[in-house]
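# Commentary on secondary and tertiary structure
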Amino acid sequence: MTTTTQAPATVPGSRPHSDGAGAFVPVQTRSERPRSYAPEDFVVPTGREVDWKHTPIARVAPLFADEATDDREDDPAVAYTVTAADQVQIGALGAGESPRGSVFEPEDRVAAIAWNRSERALHVRIPAGVELSDPVHVDMVGSGADRRANAHIVIEAEPQARGIVLLRHSGSARYAQDVEIIVGDGAHLEVVSVQQWEDDAVHASSHQARVGRDATLRHFVITFGGGVVRVNPSVELAGTGSRGELFGLSYADAGQHFESQVYLHHKGAETSGDVLYKGALQGLGARSVWVGDVLIGPDAVGTDSYEANRNLVLTDGARADSIPNLEIETGDIRGAGHASATGRFDDEQLFYLQARGIPEDEARRLVVLGFLSEIVQKIGIPDLEAELFAAIETELAQEVAR
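Conventions we followed
- Residues numbered from 1 in each chain as written.
- Predicted model: local features only at pLDDT ≥ 70, side-chain atom pairs only at ≥ 80, totals over all residues.
- Heavy atoms only, no water.
- Phe/Tyr/Trp six-rings, centres within 6.5 Å; stacked < 30°, edge-to-face > 60°.
- Helix = DSSP H or I, 4+ residues; strand = E, 2+ residues; numbered from the N terminus.
- Buried < 20%, exposed > 50% of the residue type's maximum accessible area, 1.4 Å probe, protein only.
- Lys NZ or Arg CZ within 6 Å of the ring centre and 35° of its normal.
- Core = buried A, V, L, I, M, F, W, Y, C linked by side-chain atoms within 4.5 Å.
- Contact = heavy atoms within 4.5 Å.

### Structural notes on the packing of aromatic side chains
This structure, assessed with the given rule, holds seven aromatic pairs. With a centroid separation of 6.4 Å and 5° between ring planes, the pair formed by Phe-104 and Trp-115 is classed as stacked. Residue Phe-104 is located in the loop between strand S5 (89-94) and helix H2 (109-117), and its partner Trp-115 is located in helix H2; the two are separated by 11 residues in the primary sequence. The pair Phe-104 / Trp-115 is uniform in exposure class, with both members buried. One aromatic cluster in this structure is built from Tyr-37, Phe-104 and Trp-115. Over the face of the ring belonging to Trp-115 we find Arg-100, whose NZ or CZ atom lies 4.5 Å from the ring centre. The side chain of Arg-230 reaches across the aromatic face of Trp-52, ending 3.6 Å from its centre.

### So, the nonpolar core
Formed by 55 residues in total, the largest nonpolar core has its most connected members in Leu-189 and Leu-217. Counting residues per element, this core draws most heavily on strand S7 (residues 136-157), at eight residues. Dropping the residues within four chain positions of it, Leu-189 is found in contact with Ile-126, Ile-155, Ala-157, Gly-163, Val-165, Ile-181, Val-183, Thr-216, Leu-217 and Arg-218. Core analysis: the next-biggest nonpolar cluster, separate from the first, contains 33 residues, Val-192, Val-376, Leu-384 and Ile-392 among them.

Right under this line is the structure:
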């Protein structure tokens, strides 16, 4: 059975709700969350906070400690390898060095710690007018689940530039990460973040982006590995005619927790947004959380925006939480909507395939591949697409063998 929800648009400002003890407290919308570069300005989360209430606090608690990166001589906690064409400028930025901080401002304690504990930020710049034929690869490999790491990464596409940046995470670590994305006027940038950690890794990342006039950002969060992985993208469509496409794909197994809190802010006029996250879950304790927030600001006339989340629960004991939210502060828009659906296999699809002689296991495989392939095929990196299809096949083989 599939359950579909269409949540009502929220009204700007705070609305009262019960805290469970009879008292009423203000509801904090995504646009109202506090921001600060100082970790001490954020309380240590307890799980009652609106932005942490779906997260397994005990498992991510090590990232709440304000600790330095556990780098050792010739043995970094997370090793970085950057592969890029000669036109791409690779460097490092200290605190206060532009463009670091021109977009990013931490929304939670983990992000603030990562900001302050990253003395040098990796800077990937695609110069103005440059069109890359091959992606920039940034590979991050963790040295162990007991190793703490902090990072800040700045990805910049200057005006009229075009390219893809692929962030890959593997190995294991306790990793707090900030990613700052700047898309100049007329640029077209694609950022793909792939999480293929070991099962004991804990990764919390905040991605914040600003998209300029007539520019496009395509952003992907692809998560197949890790114990707890929380990647929260926040995109501001600042320039007139800017576009944001935010896509996600996850496949959670027993004991894994994959979470994304997505925020798309239509700030400029004539902007357009497309948000689609899909997930599959199998095994006892497999958990996915998706919270989607879209804000259409008072000056965002002519906006066209839609967000959706779809989840396929393959076994008992798995759980998907899906919460779409929409704030509209102007009536002069082309359209806006949001929806979510979570369910098991479509019995009619299975019946159709089995009636044509396809065995049940193969029919289930085809349904899952068809469900997830929509996101994979949007990436535009053939080698990565083939790798992800193989990973899905591996996951499905594990599910069939249960």
